[in-house]
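# What the coordinates show
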Amino acid sequence: MEQLVELNTYVEFGGHYKPPDCIPLQRIAIIIPFRNREHHLRHWLYYLHPILRRQQGEYGIYVIEQAGENTFNRAKLLNVGFVEASKENNYDCFIFSDVDIVPENDRNLYRCSQNPRHLACAMDKFGYKLPYTGYFGGVVAFTKEQYLKINGFSNNYWGWGTEDDDTYKRVTLSGMSVDRPDRNIGRTKMIRHQRDKGNEVNEKNYVVYNRMKYTRNQDGYISLKYSLIKIEKNQLFTKITVDIGKPPS
Ligand code: UDP
Ligand code: BGC
Ligand code: MN
């Protein structure tokens, strides 16, 4: 981490960057759901800070850590990231990124566009193409307005799977479509890894998914509840640790 800090002296404390010679059109918060992936985070920071600087955006990096050992809830952590980052700065654009995904092409702009944008549309593990039309996982970008229009993400997906499919449905049911970069530009690599302990596939998620059409206006940004445990400012990122509870029994 010390070496990483030395390599990226242009980053301001807390993981913020502002280009010195232009006025950026968007203030971008990058939100990373996290637990126990320190080595992936170092890898991500090593690649992303230089890329983001070359893209000349104004950005802040927020690592949202789920405290404790309860089942992981990726989408709920993303909602927490939206709320906590918004308390710090008047961000216009939110990029929700897995900790283990790195773009291969600088022209894959970490920015928001007309519609919610899917930045990880050509991942190495899926043969550099979409695994299915409605795939919307890995890295996505929402303006504040787009995010609020879909009532954020569902808080009810505990464990692995389907939460990103829910998000895709929220987007289309809200009358928006998905923007994606060209397949060559959208190439991304995911670090190979095993499924984490505490994030096993949860069959109950399909039940939540099948009901989402009716529940999405109640479940999401407006119903988010969590407690803040700690805000830790590091040189290259801000880490926010939260208690998000546990799945219903
Ligand atoms: N994640 C994490 N710790 C965990 C489980 C998941 O930090 O124990 C975060 C991390 O950002 C990860 C993302 O959630 O990249 C998605 O999980 P995973 O990588 O297992 O999904 P997949 O590789 O199947 O897309
Ligand atoms: C899951 C998604 C996942 C995708 C690709 C789908 O079956 O529901 O959550 O992102 O597979 O792994
Ligand atoms: Mn992964």
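Everything in this summary refers to the structure shown in the same document.

Conventions we followed
Residues numbered from 1 in each chain as written. Chains lettered and ligands numbered in written order. Predicted model: local features only at pLDDT ≥ 70, side-chain atom pairs only at ≥ 80, totals over all residues. Heavy atoms only, no water. Phe/Tyr/Trp six-rings, centres within 6.5 Å; stacked < 30°, edge-to-face > 60°. Buried < 20%, exposed > 50% of the residue type's maximum accessible area, 1.4 Å probe, protein only. Helix = DSSP H or I, 4+ residues; strand = E, 2+ residues; numbered from the N terminus. Lys NZ or Arg CZ within 6 Å of the ring centre and 35° of its normal. Salt bridge = Lys/Arg side-chain N within 4 Å of Asp/Glu carboxyl O. Near = heavy atom within 4 Å. Polar contact = N/O pair within 3.5 Å; in protein donor to acceptor, adjacent residues only side chain to side chain. Areas by Shrake-Rupley, 256 points an atom, 1.4 Å probe, with all protein chains shown as cover. 1 Å grid on protein atoms, 1.4 Å probe; cavity = no way out; pocket = protein on both sides within 12 Å on 5 of 7 lines; lining within 4 Å. Sits in = over half its atoms within 2 Å of the grid points. Nonpolar A, V, L, I, M, F, W, Y, C, P; charged D, E, K, R; others polar. Core = buried A, V, L, I, M, F, W, Y, C linked by side-chain atoms within 4.5 Å. Contact = heavy atoms within 4.5 Å.

Now for the packing of aromatic side chains. What describes a pair of aromatic rings is the distance from one ring centre to the other and the angle between the planes of the rings. A complete count under the given rule lists 19 aromatic pairs for this structure. Ring plane angle 85 degrees and centroid distance 5.6 Å describe the contact between Tyr 10 and Tyr 17, whose orientation is recorded as edge-to-face. Exposure class is identical for Tyr 10 and Tyr 17. Each is buried. Relative to Tyr 221, the ring of Tyr 147 lies with its centre 5.9 Å away and its plane at 80 degrees, an arrangement referred to as edge-to-face. Here Tyr 147 is found in helix H4 (residues 144–149), whereas its partner Tyr 221 is found in the loop between helix H6 (204–215) and strand S10 (227–233), with 74 residues between them in sequence. On the basis of relative accessible area, Tyr 147 is assigned to the buried category, the value being 0%. On the basis of relative accessibility, which here comes to 32%, the residue Tyr 221 falls in the partly exposed class. Taken together, Tyr 62, Phe 82, Tyr 91, Phe 94, Phe 96, Phe 136, Phe 142, Tyr 147, Phe 153, Tyr 168 and Tyr 221 form an aromatic cluster joined through their ring pairs. The ring centre of Tyr 10 lies 3.7 Å from the NZ or CZ of Arg 53, which sits over that ring.

One pass over the full model with this rule turns up 14 salt bridges. Look at the salt bridges and you will find they share partners, linking Arg 37, Asp 100 and Asp 196 into a network.

Neighbouring ligand 1 are 15 residues, the closest being Pro 33, Arg 35, Val 99, Asp 100 and Trp 160. Between ligand 1 and His 193, the relevant distance is 3.0 Å, taken from an oxygen atom to a side-chain nitrogen or oxygen of the residue. With respect to ligand 1, the side chain of Asp 196 contributes an N or O atom lying 3.5 Å from an oxygen atom. Burial of ligand 1 by the protein amounts to 93% of the accessible area it has alone, namely 520 Å². In this structure, ligand 1 is accommodated by the largest pocket. For the shell around ligand 1, the residue count by class is six nonpolar, two polar and seven charged.

Turning to the nonpolar core, a few remarks are in order. Membership of the largest hydrophobic core comes to 32 residues, with the highest contact counts inside it found for Ile 30, Ile 61, Ile 95 and Tyr 110. Those elements giving two or more residues to this core turn out to be strand S2 (27–34), helix H2 (38–54), strand S3 (58–66), strand S4 (93–97), strand S5 (101–103) and strand S8 (139–143). At five residues, H2 tops the list of elements feeding residues into this core. Those residues in contact with Ile 30 that lie beyond four places of it in its chain are Trp 44, Leu 52, Gly 60, Ile 61, Tyr 62, Ile 95 and Tyr 110. Listed in part, the 28 residues of the second largest apolar core include Tyr 62, Tyr 91, Trp 158 and Leu 224.

Moving on, we come to the site of ligand 2. In the vicinity of ligand 2, the residues found are Phe 126, Tyr 132, Tyr 135, Trp 160, Gly 161, Thr 162, Asp 164 and Asp 165. Contact distances for ligand 2 include 2.6 Å between an oxygen atom and a side-chain N or O atom of Asp 164. Here an oxygen atom of ligand 2 and a side-chain polar atom of Asp 165 are 2.6 Å apart. Among the cavities detected, the one that contains ligand 2 is the largest pocket.

Turning to the side chain of Glu 65, a few remarks are in order. When you line up the elements, Glu 65 lands in strand S3. Residue class for Glu 65 comes out buried when judged on its relative accessible area of 15%. Sequence-distant contacts of Glu 65, that is, excluding residues within four places in its chain, are made with Phe 34, Leu 77, Lys 239, Ile 240, Thr 241 and Val 242.

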